[in-house]
Amino acid sequence: MYGLCRTDTFVGDAMGVVLTLRMPREHLLYGFFAWYLPDFLWMFSLTCALFGIMLPRNSSIVIWSAVSFLWGVLWETAQWNGVVDGTGDLWDVLMYIMAVIAAALINNLKRGK
């Protein structure tokens, strides 16, 4: 998602922008689509990948949800402390929480639990 929408990332620079937001930066939803939706999708895909790899072994969904979320929190903490580039804000953490919950709910629905 970052590579498709954002030029200020390593992947976006390397690929060139394929898709750009067609709304002015002042638009109310610009920030959501430019910053928070990619964070949600990143965490959602990480969580689903962990579920796909680890849950067939009868592992606990709670453990892998927590691992995924903690990875996101560590990433945001690294941004807050200047270890990696980024803004590191609480809205990103909120998106991570929502993404992990969404992935867990979908996984439980698909498994019939």
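Residues numbered from 1 in each chain as written. Predicted model: local features only at pLDDT ≥ 70, side-chain atom pairs only at ≥ 80, totals over all residues. Heavy atoms only, no water.

**Student:** Where do I start with the overall build of the protein chain in this structure?
**Tutor:** Counting its regular elements, the protein chain contains five helices and zero strands. Listing the helices and strands of the protein chain from first to last along the sequence gives α-α-α-α-α. Going through the 113 residues of the protein chain one by one, you find that 29% of them count as buried. Within the protein chain, residue pairs in contact and separated by at least 24 positions form 51% of the contacts whose partners lie at least 6 positions apart. Summing over all exposed atoms, the protein chain offers an accessible surface of approximately 7500 Å²; the carbon and sulfur share of this is 69%. (Helix = DSSP H or I, 4+ residues; strand = E, 2+ residues; numbered from the N terminus. Buried < 20%, exposed > 50% of the residue type's maximum accessible area, 1.4 Å probe, protein only. Contact = heavy atoms within 4.5 Å. Areas by Shrake-Rupley, 256 points an atom, 1.4 Å probe, with all protein chains shown as cover.)

**Student:** In this structure, what is going on with helix α5 (residues 90–111)? I would like to understand it.
**Tutor:** Along an α-helix, a turn takes 3.6 residues, which lines up residues three or four apart on a common side. For α5, built from 22 residues, the straight-helix expectation of 32 Å at 1.5 Å per residue is met to within 8% by its first-to-last C-alpha distance of 32 Å. Taken as a whole, α5 has its buried residues at Asp92, Val93, Met95, Tyr96, Ala99, Val100, Ala103, Ala104 and Asn107. What you see down the axis of α5 is that its buried residues fit within an arc of 165°, all on one side. Facing away from the buried side of α5 by more than 90 degrees, the exposed set consists of Leu90, Trp91, Leu105 and Leu109. Contacts made by the buried residues of α5 are with α3 (30–54) and α4 (61–80). Directly beyond the C-terminal end of α5, a positive phi value near 75° is found at Gly112. (Expected span 1.5 Å × (residues − 1). Arc of directions from axis to C-beta.)

**Student:** Before we go on, may I ask you to explain the side chain of Ser65 in this structure?
**Tutor:** Tracing the backbone shows Ser65 in helix α4. Each residue touching Ser65, except ones within four places of it in the same chain, is listed here: Phe51, Val100 and Ala104.

**Student:** Even after reading the chapter, I still don't get α4, so can you show me in this structure?
**Tutor:** If you check α4, its first and last C-alpha atoms are 29 Å apart, about what 20 residues at 1.5 Å a residue would give, namely 28 Å. Of all the positions in α4, only Trp64, Ser65, Ser68, Gly72, Glu76, Ala78 and Gln79 are classed as buried. An end-on view of α4 places all buried positions within 165° of arc, on one side of the element. Turned more than 90 degrees off the buried face of α4, the exposed positions are Val62 and Leu74. Considering only its buried residues, α4 is in contact with α3 and α5. Near the N-terminus of α4, the side chain that reaches the backbone nitrogen of Val62, with its oxygen 3.2 Å away, is that of Ser60. Two residues or fewer after α4 comes Gly82, characterised by a positive phi angle close to 80°. (Polar contact = N/O pair within 3.5 Å; in protein donor to acceptor, adjacent residues only side chain to side chain.)

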